[in-house]
Amino acid sequence: MPPVWNVANAKHLLARTLFGYTRRDLEQALSTSLTNFVNNQLLANLPAPAPPGAWIREAPVANNGTVDRQRLQEMRLWWLGLMARQGLNIQEKMVLFWHNHFVSESSKVQYPQYLYEQNRLTRQYALGDFREFTKAMTIDPAMLIYLDGRTNTRSSPNENYARELLELFTIGIGHYTEADIREAAKALTGWTVNGLNAVFTQSRFNTETKTFLGRRGNFGYREIVDIIFEQAETARFICRKLYKEFVYYQPDEAFVEQMADVFRRNNYQIRPVLAFLFTSDHFYEPRFKGVKIKSPVELAIGVIKQLELTVNDFSYLNEMTRSLQQELFEPPDVRGWEGQRKWITSTTYPNRNVFTDTLINGRRTNGQTLPFRLNALTYARSYRNAENAALFVREVTDFCLDYPLTDSRRASLLETLLSGTIAANWSTSLAMADTRILSFLRAMMRLPEYQLC
């Protein structure tokens, strides 16, 4: 018996698997069963999007810094646009998840063509075969540059990628030895980057017999990955990470074991384990609702969806997510963004409030007009209870917040909306009603509860 499919559970699922959602999205999700929604919309295959420009097929050119920076910026805005237009499909959320798993930093990779190709690869495997994904990522040009695989040769071994392959990408600390790292590094030799492609050169490959995780042979990278996936811990490791992303930052190991079992039985296909998670009673337990701190990207895209803003230029959103410490293609280090409590600091929390204020105001902090603007009256009147102040506040907060508000919080928001008048006199036709609505929205988005999903 699948979990009850009601407004509360639908909001929870959409909040965790999308970058925010509109009221229309919520209605659409509820128009079918949970199982049908998960299998046929949320986890459905999507066609590959058009690339950000024809330059993705150009061979990288050295010392082309200005052009490369422009292209990298184009790619960031292109990806934010894909996130904003994702509809009811998890694909872009998973692309960001894998971007934060198989990390590369643009400051080291430098060439946007390689970063685009890596982004395309994560989209290709976002819901697919994790074992084949790991093999493809091992010889991905951006990864060969980022973790020094291209300088790993039989005469000059470099263990950087081998170490992260085991520690961060597949099995985790405690399940391999330093000797395994050295042996894996030997098996990963021979690869370099030429033009747009990864190239294998036999003379750079270490042909010695390697001993890795108890197996012996003249292994190459494919055999190394296959041996890693023979270890029971590998499924637990990646399922634990999925759990922390979608459920809670402190994993329930018994449930992780159930996920890992599904993952193994489905030959490391990602879609079945997510379908199992999103149709489980465990996922919808009240203790997990509204307890995840939104990432900057979740906050930025989520706000424009909630306010139903039409955004064609994502420059400002990119600028703000960078100020909130999540710049796409530039994670802080090979461990990626740690998330949850790391998102909130004495700097980023005020900046989050500044960001939502500017969206409500339609102006940057320096007074410049934003290329999109909220029409307060049109927005308010799109709610069924717009002419009843108390019910309007409840309806908006019920939709926009995933953490339940106390009565005193809600009363304070009502007071902000009324701004001195009494509830019986409230109407969206009142003088300055638009200003009062904007004040109410600003106050709601400044709440700590608004930072949670």
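Residues numbered from 1 in each chain as written. Predicted model: local features only at pLDDT ≥ 70, side-chain atom pairs only at ≥ 80, totals over all residues. Heavy atoms only, no water.

Enquirer: Quick rundown of the overall build of the chain? Include the residues and the values.
Expert: Of regular secondary structure, the chain possesses 22 helices and four strands. The C-alpha radius of gyration computed for the chain amounts to 24 Å, which stays within 12% of the reference 22 Å derived for 453 residues, consistent with globular compactness. Taken over the C-alpha atoms alone, the chain extends approximately 85 × 55 × 40 Å along its principal axes. Counting contacts in the chain only where the partners sit at least 6 residues apart, residues at least 24 apart contribute 71% of the total. (Helix = DSSP H or I, 4+ residues; strand = E, 2+ residues; numbered from the N terminus. Rg over C-alpha atoms; globule rule 2.2 N^0.38 Å. Contact = heavy atoms within 4.5 Å.)

Enquirer: Which residues make up the packing of helix α20 (residues 389-400) against helix α22 (residues 433-445), and what are the values?
Expert: Two elements in contact, α20 and α22, have axes separated by 12 Å at closest approach and are oriented at 40°. Between α20 and α22, the crossing angle belongs to the class labelled oblique. For the pair α20 and α22, the crossing hand works out as right-handed. Across from F392, V393, V396, T397 and C400 in α20, the residues of α22 making contact are F440, L441 and M444. (Axes fitted to C-alpha atoms, helices over the stretch in contact; angles between N-to-C directions. Parallel < 35°, antiparallel > 145°, perpendicular 65-115°, else oblique. Left-handed = near helix turned anticlockwise from the far one by under 90°.)

Enquirer: How would you sum up the environment of A380? Please name residues and give values.
Expert: Examined against the element boundaries, A380 turns out to sit in helix α19 (residues 376-381). Excluding residues within four positions of it along the chain, A380 makes contact with A386, F392, T428 and I437.

Enquirer: Let's hear about the packing of aromatic side chains: which residues, and what values?
Expert: Tallied over the entire structure, the rule returns 35 aromatic pairs. Considering the side-chain rings of F278 and F283, the 5.3 Å spacing of their centres and the 70° angle between planes classify their relative orientation as edge-to-face. Lying across the ring of F19, K93 places its NZ or CZ 5.3 Å from the centre. (Phe/Tyr/Trp six-rings, centres within 6.5 Å; stacked < 30°, edge-to-face > 60°. Lys NZ or Arg CZ within 6 Å of the ring centre and 35° of its normal.)

Enquirer: Go over the pattern of salt bridges, please, and point to the residues and values.
Expert: On inspection of all chains with the given rule, the structure shows 31 salt bridges. In this structure, R71 engages E58 in a salt bridge whose closest nitrogen and oxygen atoms are separated by 2.9 Å. Remark: E58 occurs in the loop between α3 (34-42) and α4 (65-84) and R71 occurs in helix α4; sequence separation between them is 13 residues. Relative accessible area serves as the criterion here: at 12%, R71 is assigned to the buried category. What makes E58 partly exposed here is its relative accessible area of 37%. In this structure, E298 and K292 form a salt bridge, with 3.1 Å as the shortest nitrogen-oxygen distance. (Salt bridge = Lys/Arg side-chain N within 4 Å of Asp/Glu carboxyl O. Buried < 20%, exposed > 50% of the residue type's maximum accessible area, 1.4 Å probe, protein only.)

Enquirer: Which residues make up the pairing of strand β2 (residues 197-200), and what values do they have?
Expert: Note: strand β1 (residues 191-194) against β2, four bridges, orientation antiparallel. Paired with N194 across the bridge in β2 is N197. (Pairing = 2+ DSSP bridges.)

Enquirer: Now, about the side chain of K210: what can you tell me, with residues and values included?
Expert: Here K210 lies in strand β3 (residues 210-212). It is E208 that comes nearest to the buried, bridge-free K210 among opposite-charge side chains, at 7.2 Å. Of the polar contacts made by the side chain of K210, one reaches the backbone oxygen of F219; its length is 3.1 Å. The residues touching K210, leaving out its near neighbours within four places in the chain, are E183, K186, A187, F205, R215, R216, G217, N218 and F219. (Lys, Arg positive; Asp, Glu negative; His and termini not counted. Polar contact = N/O pair within 3.5 Å; in protein donor to acceptor, adjacent residues only side chain to side chain.)

Enquirer: Give me the lowdown on the side chain of K305, citing residues and values where you can.
Expert: The residue K305 is located in helix α16 (residues 296-306) in this model. At 5.0 Å, D25 is the nearest oppositely charged side chain to K305, a buried residue that forms no salt bridge. Other than its neighbours up to four places away in sequence, K305 contacts F19, G20, Y21, T22, M83, A84, Q86 and G87.

Enquirer: Outline the nonpolar core, supporting the account with residue identities and numerical values.
Expert: Inside soluble globular proteins, nonpolar side chains tend to come together where they are buried. L13, M94, W98, L274, F278 and L441 are the most contacted members of the largest nonpolar core, which has 155 residues in total. Broken down by element, this core gets its largest block of residues, eight residues, from α4. Among all residues touching M94, those that are not within four sequence positions of it are A126, L127, L242, F246, I270 and L274. (Core = buried A, V, L, I, M, F, W, Y, C linked by side-chain atoms within 4.5 Å.)

Enquirer: Which residues make up helix α8 (residues 130-138), and what values do they have?
Expert: Counting buried positions along α8 gives seven out of nine residues, so the element sits mostly inside the fold. Structurally, the start of α8 carries an N-cap: the backbone nitrogen of R131 is 2.9 Å from a side-chain oxygen of D129.

Enquirer: Please provide a residue-by-residue account of the state of the cysteines, values included.
Expert: Following the criterion strictly, the structure yields zero disulfides and no others. Just so you know, C453 is unpaired, no disulfide at all, and the nearest cysteine sulfur is the one on C400, 13 Å from it. Owing to a relative accessible area of 4%, C453 belongs among the buried residues under this scheme. (Disulfide = S-S within 2.5 Å.)

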